[in-house]
Amino acid sequence: MSEPSSPLDFLPLVQRARLRAVGFDVSFPAGARLFDEGGEADRFWLLRRGEVALDICVPGGQPEAVMETLGAGQLLGWSWICPPYRWHLGARAVTAVQAMEFPATDVLALCAADPELGYALMRRFTGVVAERLQATRIRLLDLYAPHAGGPP
Amino acid sequence: MSTVTPPLPYRVAETRAETADTRSLELVPAGRELPPFSPGQFAMLYAFGIGEVPISVSALHGPHGGLVHTVRAVGAVSAALYDLRPGETVGLRGPFGTGWDLDAAAGQDVLVIAGGIGLAPLRPVVHAVLDRPDIYGRLGILVGTRTPGDLIYRGDIERWRDRAEVGVTVDRPGPGWHGSVGVVTTLLDAFALRPDRTHALVCGPEVMMRHTARTLMGRGLAAHRVQVSLERNMRCATGHCGHCQLGPLLLCRDGPVVGYDRVERLLAVREL
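Values in this document were obtained by computation on a predicted structure and should not be read as measured data.

## Here we look at the overall build of chain B
Then, number 1: A tally of regular secondary structure across chain B gives six helices and 15 strands.
Then, number 2: In terms of overall dimensions, chain B is globule-like: its C-alpha atoms have a radius of gyration of 18 Å, near the 19 Å expected for 272 residues.
Then, number 3: The C-alpha extent of chain B, read off along each of the three principal axes, is 50 × 45 × 40 Å.
Then, number 4: A sequence separation of at least 24 residues applies to 69% of the contacts in chain B between residues at least 6 apart.
Then, number 5: Per element, the accessible surface of chain B, about 10900 Å² overall, is 50% carbon and sulfur.
Then, number 6: In chain B, the 28 positive side-chain charges and the 27 negative ones have mean positions that sit 3 Å from each other.

Written as structure tokens, this is what we have:
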């Protein structure tokens, strides 16, 4: 696949630089646990390389069920935006991951100091939430609706 | 072909298991031959004594030079076709339908997006584009299936990775699956889409095609740059019986491939 555009490209250069200044590079080996369902959502990531699986706990000692995977160029984590600031899903690195990590407290402080940046960022993350909600609905409809099914 | 014709006998030259319930049949004429098919066109396959169903051509030339159709056993007729063995005979009418407009994609990037067995009618497109790299730009192949076991043409997909940008995602991963999970449109994030010079060809469940088309349009692709392959209840395949009507369209004749600009509104009309 070709190099995707950055999901932060929507920000003007100055604001992008301001945001990047609070971020730092991180890497995770394949299999590393990035966060667990219910844990404190105090950061988010911009994925640069590798794949991350979003999963959910399944009772009865079963392995976590993978709901979705995210890859390079995508934003990981939106639960830091709104109460109760707890992760709705868990996340595990499927392959080695390189990412830029952003602490929520720093980003929220930036947003408070620069409402334009805050507004733009919130719009971007609202888009992420909307995309994932819609994708979930489509999968549910495709998988479980009585009329589900492909062409002959 | 627009007139009713009797089915011509074709012999099963070879069968190939794709998944637990899906099989590809290579068919060679047992006598008179049908006119050539184009990618995206379909034939009416007649299981003698049982019935007839429309099946898109999934390769124009199989190993024996015959037409290839990929059949998923979901009903009495498709199950009978699925059970055919080499040497047995099937009735064939066609070619029917519009096929993919590959002329419109000349000089452009081609983005093939398939859901499940929707990859079957798109496989001849992949063959055509790979055969003529001088005519087309980049080729993206994005495939979504319900489970890893539902993925058809695994060998082809691995071979295509050398010459195209290929992504595969599943709804429900099983043990040993280390690839993407989620709707097929999530694979678009890794494809550097050039909206002003890309044609997207989409086939799969209707809800998947609508979601995909809307996502593509949200990323700047004009509706006329998106082609979808629509299926309705095709019976006569000649535009006479009306079973496959979608508003002003009779999909066996005016489809199955249509520009999304023609059907976007129709697909949102409740009564159609």
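The rest of the description comes next.
## Thoughts on the sheet that holds strand S12 (residues 226-229) of chain B
Two orientations exist for strands paired in a sheet by backbone hydrogen bonds: parallel and antiparallel.
Residue and element names in this part refer to chain B.
Then, number 1: In space, the seven strands of this open sheet follow the order S10-S9-S8-S7-S11-S12-S15, with mixed pairing throughout. Two strands in the sheet have a free side with no partner beyond their single neighbour: strand S10 (180-181) and strand S15 (257-259).
Then, number 2: By the bridge criterion, three bridges tie S12 to S15 in an arrangement that is antiparallel. Pairing of Ser229 across the sheet is with Val257, part of S15.
Then, number 3: Against the sheet, helix H2 (residues 119-131) makes contact with strand S7 (109-115), strand S8 (139-145) and strand S11 (198-203), and its axis sits at roughly 160° relative to S7, the strand it touches most.
Then, number 4: Across the sheet, helix H4 (residues 206-218) lies against S7, S11 and S12, angled at about 165° from S11, the strand it touches most.

## What to know about the interface of chain A and chain B
Then, number 1: At the junction of the two partners, chain A supplies 25 residues and chain B supplies 30 residues.
Then, number 2: The tally of links between chain A and chain B comes to one salt bridge.
Then, number 3: In this structure, the salt-bridge partner of Arg139 of chain A is Asp171 of chain B, at a minimum N-O distance of 2.9 Å.
Then, number 4: Across the chain A-chain B interface, the total number found is three residue pairs in polar contact (both at pLDDT 80 or more).
Then, number 5: Listing elements by their share of the side of chain A that touches chain B, those giving two or more residues are strand S5 (65-70) and helix H3 (115-144) of chain A.
Then, number 6: If you tally residues by element for the side of chain A that touches chain B, the top one is H3 of chain A, at eight residues.

## With respect to the sheet that holds strand S6 (residues 75-76) of chain A
Residue and element names in this part refer to chain A.
Then, number 1: Taking strand neighbours across the sheet as the criterion, the four strands line up as S1-S8-S3-S6 in an open arrangement whose pairing is antiparallel. Single-partner strands in this sheet number two, and they are strand S1 (24-28) and S6.
Then, number 2: Summarising the sheet, S1 and strand S8 (residues 97-103) pair through five bridges and their orientation is antiparallel. Considered in S8, the bridge of Asp25 is made with Met100.
Then, number 3: Contacting S1, strand S3 (43-49) and S8, helix H1 (residues 13-22) runs over the sheet at an angle of about 100° to S8.
Then, number 4: Packed onto the sheet, helix H2 (residues 104-113) meets S3 and S8 and runs at close to 55° relative to S8.

## Focus on the pattern of salt bridges
Opposite charge on two side chains lets them pair, provided their charged atoms get close.
Then, number 1: Enumeration according to the criterion identifies 17 salt bridges over all chains in this entry.
Then, number 2: Linking Arg33 of chain A and Asp55 of chain A is a salt bridge whose minimum nitrogen-to-oxygen distance equals 2.8 Å. With Arg33 of chain A in strand S2 (residues 33-35) and Asp55 of chain A in strand S4 (residues 52-56), this pair connects stretches of sequence that are 22 residues apart.
Then, number 3: Its relative accessible area of 31% is what places Arg33 of chain A among the partly exposed residues.
Then, number 4: Residue class for Asp55 of chain A comes out buried when judged on its relative accessible area of 2%.
Then, number 5: Salt bridges sharing common partners tie together Asp109, Arg138, Glu165 and Arg194 of chain B.

## Looking at H2 of chain A
Residues and elements named next belong to chain A.
Then, number 1: All buried positions along H2 are accounted for by Ala104, Val107, Leu110 and Cys111. Looking straight down H2, one finds its buried side chains confined to an arc of 125°; they lie on one side. Opposite the buried face of H2, at more than 90 degrees from it, the exposed residues are Thr105, Ala112 and Ala113.

## What about the pairing of strand S4 (residues 51-59) of chain B?
Residues and elements named next belong to chain B.
Then, number 1: Counted residue by residue, S4 has eight buried out of nine residues, so it is predominantly covered.
Then, number 2: In sequence, strand S3 (residues 42-47) turns back onto S4 through a hairpin of three residues, with Gly49 there showing a positive phi of about 85°.
Then, number 3: By the bridge criterion, two bridges tie S4 to strand S5 (residues 67-72) in an arrangement that is antiparallel. The residue bridging Ala59 from the neighbouring strand is Val68, located in S5.

## Some details on the packing of aromatic side chains
Residue and element names in this part refer to chain A.
Then, number 1: The final tally for this structure, using the stated rule, is 10 aromatic pairs over all chains.
Then, number 2: Consider the rings of Phe35 and Trp45, whose centres lie 5.7 Å apart with planes at 15°: the pair is stacked. One end of the pair, Phe35, is in strand S2; the other, Trp45, is in strand S3, and 10 residues separate them in sequence. Exposure class is identical for Phe35 and Trp45. Each is buried.

## Re unusual backbone geometry
Then, number 1: Cis geometry marks the peptide bond from Pro83 of chain A to Pro84 of chain A, where omega comes out at 10°.
Then, number 2: At the junction of Gly94 of chain B and Pro95 of chain B, the peptide bond is cis and its omega measures out at -5° in the coordinates.
Then, number 3: Along the chain, the position of Pro95 of chain B falls in strand S6 (residues 89-96).
Then, number 4: Non-glycine residue Tyr85 of chain A carries a positive phi angle of around 55°.

What counts, and at which threshold
- Residues numbered from 1 in each chain as written.
- Chains lettered and ligands numbered in written order.
- Predicted model: local features only at pLDDT ≥ 70, side-chain atom pairs only at ≥ 80, totals over all residues.
- Heavy atoms only, no water.
- Helix = DSSP H or I, 4+ residues; strand = E, 2+ residues; numbered from the N terminus.
- Rg over C-alpha atoms; globule rule 2.2 N^0.38 Å.
- Contact = heavy atoms within 4.5 Å.
- Areas by Shrake-Rupley, 256 points an atom, 1.4 Å probe, with all protein chains shown as cover.
- Lys, Arg positive; Asp, Glu negative; His and termini not counted.
- Charge placed at Lys NZ, Arg CZ, Asp CG, Glu CD.
- Pairing = 2+ DSSP bridges.
- Axes fitted to C-alpha atoms, helices over the stretch in contact; angles between N-to-C directions.
- Salt bridge = Lys/Arg side-chain N within 4 Å of Asp/Glu carboxyl O.
- Polar contact = N/O pair within 3.5 Å; in protein donor to acceptor, adjacent residues only side chain to side chain.
- Buried < 20%, exposed > 50% of the residue type's maximum accessible area, 1.4 Å probe, protein only.
- Arc of directions from axis to C-beta.
- Phe/Tyr/Trp six-rings, centres within 6.5 Å; stacked < 30°, edge-to-face > 60°.

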